[in-house]
Amino acid sequence: MHIVTRIKYFLCFIFFIPAIILYYTSSNATRRLIDSDIQEMNKRTRQQRYRRLPYWLFFHQSYRNLFYYRIGKKSQLVSWYLRPYPLFFIRVREGIGENAYVLNHPFSTTLGAKRIGKNFTVCQLTTIGNKGIGRTDFPILGDNVNIGANVSIIGNITIGNNVEIGAGSVVVKDIPDNCVVAGNPARIIRRK
């Protein structure tokens, strides 16, 4: 390994010691979720070797948002100097399932749902939320949901399991399991 790369990894490790301490002081369930996210990131980015938590926190600022969401309120201890991605917001009330995958550039993305299932993938410019300020009608997303770029999912709706939502879609009605939807308003274009 090149000497500059070794120095970079060493500085990365030193810089992220507080975040690593937060990881190890978290509950087993939280650590399991973070580990599953890292495995999914490694699989999706086709890394030649397994990258660990300090790598993802250092080189992918957008992953920090998901990490801080998983850690909870304790993340305020390190988020002041390990800045999260500024235009990526996660406000999921009941949790995000394991194997969540966020692209490296979730520009202008807001995840405001009641619950998101496992194996969730989201692209940039996506908005998931309620119909207005002070409303509590948030969407519920099932397992294996893949959301393309520039998608809006609004209101008290349920997205079923094994659903793919095409880029540019606006979803305002419930979507059943095992289908592909696209359009404005979103319509079922194929059943799996």
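For every chain, the first residue of the written sequence is number 1, and numbering continues from 1 along that sequence. Owing to the predicted nature of the model, reporting of local features is limited to residues with pLDDT of at least 70; listing and counting of side-chain atom pairs is limited to 80 or more, with chain, interface and lining totals taken over all residues. As a rule here, side-chain values cover all heavy atoms of the structure and leave hydrogens and water aside.

### Brief notes about the nonpolar core
Working step 1: With 47 residues, the main nonpolar core has Tyr63, Phe67, Ile159 and Ile165 as its most contacted residues.
Working step 2: When residues of this core are assigned to their parent elements, the largest contribution, 5 residues, is made by helix 5 (residues 61-71).
Working step 3: Note on contacts: a residue pair is in contact if any heavy atoms of the two residues lie within 4.5 Å. Apart from residues lying up to four places away in sequence, Ile159 is in contact with Ile140, Leu141, Gly142, Val145, Ile153, Ile165, Val171 and Ile175. Residues grouped as a nonpolar core are buried Ala, Val, Leu, Ile, Met, Phe, Trp, Tyr and Cys residues, joined through side-chain atoms within 4.5 Å. Relative accessibility thresholds used throughout: buried, under 20% of the residue-type maximum; exposed, over 50%; partly exposed, between the two (1.4 Å probe, protein chains only). Going along the chain from the N terminus, every DSSP run of H or I of four or more residues is numbered as a helix, and every run of E of two or more is numbered as a strand.

### So, the pattern of salt bridges
Working step 1: By convention in these notes, a salt bridge is any Lys or Arg side-chain nitrogen within 4 Å of a carboxyl oxygen on Asp or Glu. Applying the stated criterion across every chain yields a total of 5 salt bridges.
Working step 2: Salt-bridge contacts for Asp37 lead to Arg70; the nearest nitrogen and oxygen are separated by 2.8 Å. Pair noted here: Asp37 is in helix 3 (residues 28-45) and Arg70 is in helix 5, with a separation of 33 residues, a long-range link. There is no split in this pair, since Asp37 and Arg70 are both buried.
Working step 3: Across the pair Glu164 and Lys192 runs a salt bridge, and its minimum N-O distance is 3.2 Å. Placement of Glu164 in strand 11 (residues 163-165) and of Lys192 in the segment after strand 14 (187-191) is noted, with a sequence separation of 28 residues between them.
Working step 4: Residues joined in a network through salt bridges with shared partners are Glu40, Lys43 and Arg44.

### Observations regarding helix 5
Working step 1: Most of helix 5 sits inside the fold, with 9 of its 11 residues counted as buried.
Working step 2: Along helix 5, the residues that are buried comprise Ser62, Tyr63, Arg64, Asn65, Leu66, Phe67, Tyr68, Arg70 and Ile71.
Working step 3: Packing partners of the buried residues in helix 5 comprise helix 2 (17-24), helix 3, helix 4 (53-59), strand 1 (88-90) and strand 2 (101-102).
Working step 4: One or two positions beyond helix 5, positive phi appears at Gly72, with a value near 90°.

### A closer look at the environment of Gly112
Working step 1: Counting through the fold element by element, Gly112 comes out in the loop between strand 3 (109-111) and strand 4 (115-116).
Working step 2: Exposure remark for Gly112: the relative accessible area of 6% places this residue in the buried category.
Working step 3: Taking the C-alpha atoms as reference, Gly112 lies 18 Å from Gly168; in sequence the two are 56 residues apart.
Working step 4: Once you skip the residues sitting within four places of it in the chain, Gly112 turns out to touch Arg91, Ile128, Gly129, Phe138 and Pro139.

### Focus: the side chain of Ser26
Working step 1: Residue placement: Ser26 occurs in the loop between helix 2 and helix 3.
Working step 2: At 2.7 Å, the side chain of Ser26 forms a polar contact with the backbone oxygen of Leu22. By the criterion applied in these results, polar contacts are pairs of N or O atoms within 3.5 Å in which, for protein atoms, one can donate a hydrogen and the other can accept it, and in which residues neighboring in sequence qualify only through two side-chain atoms.

### A short note on the sheet that holds strand 6 (residues 127-129)
Working step 1: When DSSP finds at least two bridges between two strands, those strands are taken to pair. If you trace the 5 strands from one edge of the open sheet to the other, you get 1-3-6-9-12, paired in parallel fashion. Both edges of this open sheet fall to strand 1 and strand 12 (170-171), since each of them pairs with a single strand only.
Working step 2: Examined bridge by bridge, strand 1 and strand 3 share 3 bridges and lie parallel to one another. Directly across from Phe88, in strand 3, lies its bridge partner Thr109.

### What about the pairing of strand 14?
The side chains of a regular strand alternate between both faces of the sheet.
Working step 1: Of all 5 residues in strand 14, 0 are buried; the element is thus mostly exposed.
Working step 2: Pairing of strand 13 (residues 179-182) with strand 14, which is carried by 4 bridges, proceeds in the antiparallel orientation. In the sheet register, Val180 faces strand 14, and the bridge partner there is Arg190.
Working step 3: Two successive antiparallel strands, strand 13 and strand 14, enclose a turn made up of 4 residues, where Gly183 displays a positive phi of approximately 110°.

### As for a nonpolar patch on the surface
Working step 1: Like-charged residues are merged into a patch within 9 Å and nonpolar side chains (Val, Leu, Ile, Met, Phe, Trp, Tyr) within 5 Å, provided each residue has over 30% relative accessible area and no salt bridge. Per-residue and other accessible areas follow the Shrake-Rupley method at a 1.4 Å probe size, with only the shown protein chains counted as cover for residues. A surface patch of nonpolar side chains, about 760 Å² in accessible area, is lined by Ile3, Val4, Ile7, Phe10, Leu11, Ile14, Ile17 and Ile21.
Working step 2: Mapped by element, the contributors of at least two residues to the nonpolar patch are helix 1 (3-15) and helix 2.
Working step 3: The element that contributes the greatest number of residues to the nonpolar patch is helix 1, accounting for 6 residues.
Working step 4: By relative accessible area, Ile21 is classed as partly exposed at 48%.

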